[in-house]
Structure formats: C-alpha cells, structure tokens
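# Structure assessment
This is what each chain is made of:
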Amino acid sequence: MKILWDFDGTLFDTYPIYTNLLKQVLPRSVEEKDIFRQLKISESTALAAFQVNQEQAHRYHQLVLSCSSDAFKPFPFVEQVLASADQNVIMTHKSRASLMQILKHHGLDKYFSAYVTRDDGFPRKPDPASYIYLDEHCGFDLAVGDRTLDIIPAKKLGKKTCLFQNDAPGADFYLDRYDQFFKRVKL
C-alpha cells in the first residue's frame, strides 16, 4: 500500500501547540477550544476568525518557528503504520526545512520517499495539483488527513481516503487512533 500523508494533525499532534501559540498573540481572551476548532479548519480561517492583524500573524509564525522539534510529537502507533506501507509520501504546507527537522528528530524521515511542501509552490489544498504531482511521480493508493480539505484532492483522483480524528462525511475510512489502522483500513 502506498500512502499520501498530511503532516499537521495527522502524523504529528501539532494543533495543541499551535492553539497555545495563537492564544499568546491574541489581544483578547479566547477559549482554547475555539482556537483549536478554527485551526482545524485551516490556519487562514483561524486568523480571520480572530481578526489577527499582520503584526500578530508574524509574531504567531515566529513563535511556531521557534518551537523545538521535540515539542512536536508523532501520534502513538503511527510509526507502525508507516513501517508497514510499501511507500509513504507527505503533502504539507510546512516548509521543507521545518518538516525535515521534525521528521529527522523523531527518526521518521526514513519512512518517506517524497515530500511536497509550501516551498514547492503548489496551490494550497484542496487544490489537487500537489496530489496529481505525487501520484504521477510516486503513485499512492490512500490519502490520510485530519481535515476534509486533505481528502478532497484524493477523491478527485479516485483514491481511497482516511480521516484521522474527524468524522466528517466523505472519507472511505475513519480512525481515532493508529492502532485501529489494520482493522479498519482495507484496500
């Protein structure tokens, strides 16, 4: 099985960190659950919802960049899924440098054969251009993501999809934890 992965919220539990950092730059008190919910839609949605200005957005991005790789933790059991796949690729809006630093720190870089990052200049998801590129160069059977916008491009290509910790309609498979993968995902 060849798997295309999203990074944030799918391979690594990053949203609690992003939530805390965004809370630090907001001028007014906002519930963490509200920040988390907006970030899970998209960063741009969260920044707009909380009326984050350019200076605050810059400060937020600087805080994210200053986080150590150790702050970001892979989800439990995800390494077993990565190790079982014939091939893994990543499509993320993170920078390549940041992505590689985190993957190498956790010893997970060895599981990936290709990456598309924001540095590659593809349009943002759910535009399918990056998925088309990865499919043409590596091929993939399944796309795993935590948000609907992660699976829309794969659906357009006729691929199977899996939503992680998200029960929104439209996916072929749903997981709350990666130790469920081998029982629930059948290709």
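Before reading on, note that the structure itself is shown above.
To keep things clear, this report deals only with the structure shown in the data block. (Residues numbered from 1 in each chain as written. Predicted model: local features only at pLDDT ≥ 70, side-chain atom pairs only at ≥ 80, totals over all residues. Heavy atoms only, no water.)

### Regarding the packing of aromatic side chains
When we look at a pair of aromatic rings, we describe it by the centre distance and by the angle of the planes. All chains considered together, the criterion is met by 12 aromatic pairs. Relative to F12, the ring of F7 lies with its centre 4.7 Å away and its plane at 25°, an arrangement referred to as stacked. A ring pair is formed by F122 and Y133, whose centres lie 5.3 Å apart and whose planes are at 45°; its orientation type is tilted. With F122 in the loop between β3 (114-116) and α7 (129-137) and Y133 in helix α7, this residue pair connects regions lying 11 residues apart in the sequence. The partly exposed category is assigned to Y133, whose relative accessible area is 33%. Within the aromatic cluster, the residues linked to one another by ring pairs are W5, F75, F164 and Y178. (Phe/Tyr/Trp six-rings, centres within 6.5 Å; stacked < 30°, edge-to-face > 60°. Helix = DSSP H or I, 4+ residues; strand = E, 2+ residues; numbered from the N terminus. Buried < 20%, exposed > 50% of the residue type's maximum accessible area, 1.4 Å probe, protein only.)

### Considerations on the sheet that holds β3
The strands making up a sheet associate through backbone hydrogen bonding, with each pair oriented either parallel or antiparallel. Spatial strand order, β3-β2-β1-β4-β5-β6: 6 strands in an open sheet with parallel pairing. A single partner strand is all that each edge strand has here, and the edge strands are β3 and β6 (173-175). Averaged over all adjacent pairs, the angle separating strand axes in this sheet is 20°, with direction ignored. Bridging between strand β2 (residues 87-91) and β3 involves 3 bridges; their strand directions are parallel. Residue pairing for β3: M91 is matched across the bridge by V116. Lying on the sheet, α7 is in contact with β1 (2-5), β2, β3 and β4 (142-145); it crosses β2 at an angle near 155°. Sheet strands touched by helix α8 (residues 148-156): β4 and β5 (160-164). Its angle to β5, the strand with the most contacts, is close to 175°. (Pairing = 2+ DSSP bridges. Axes fitted to C-alpha atoms, helices over the stretch in contact; angles between N-to-C directions. Contact = heavy atoms within 4.5 Å.)

### Description of the pairing of β4
The alternating pattern of β4 places L142 and V144 and A143 and G145 on opposite faces, both of which are buried. Pairing of β1 with β4, which is carried by 3 bridges, proceeds in the parallel orientation. Bridge pairing in β4 places I3 opposite L142. Pairing analysis gives 4 bridges linking β4 to β5, with the strands arranged parallel. By the bridge assignment, A143 is partnered in β5 with T161. Each parallel crossover has a hand, and the one from β4 via α8 to β5 is right-handed. (Right-handed = clockwise from strand over helix to strand, strands pointing away.)

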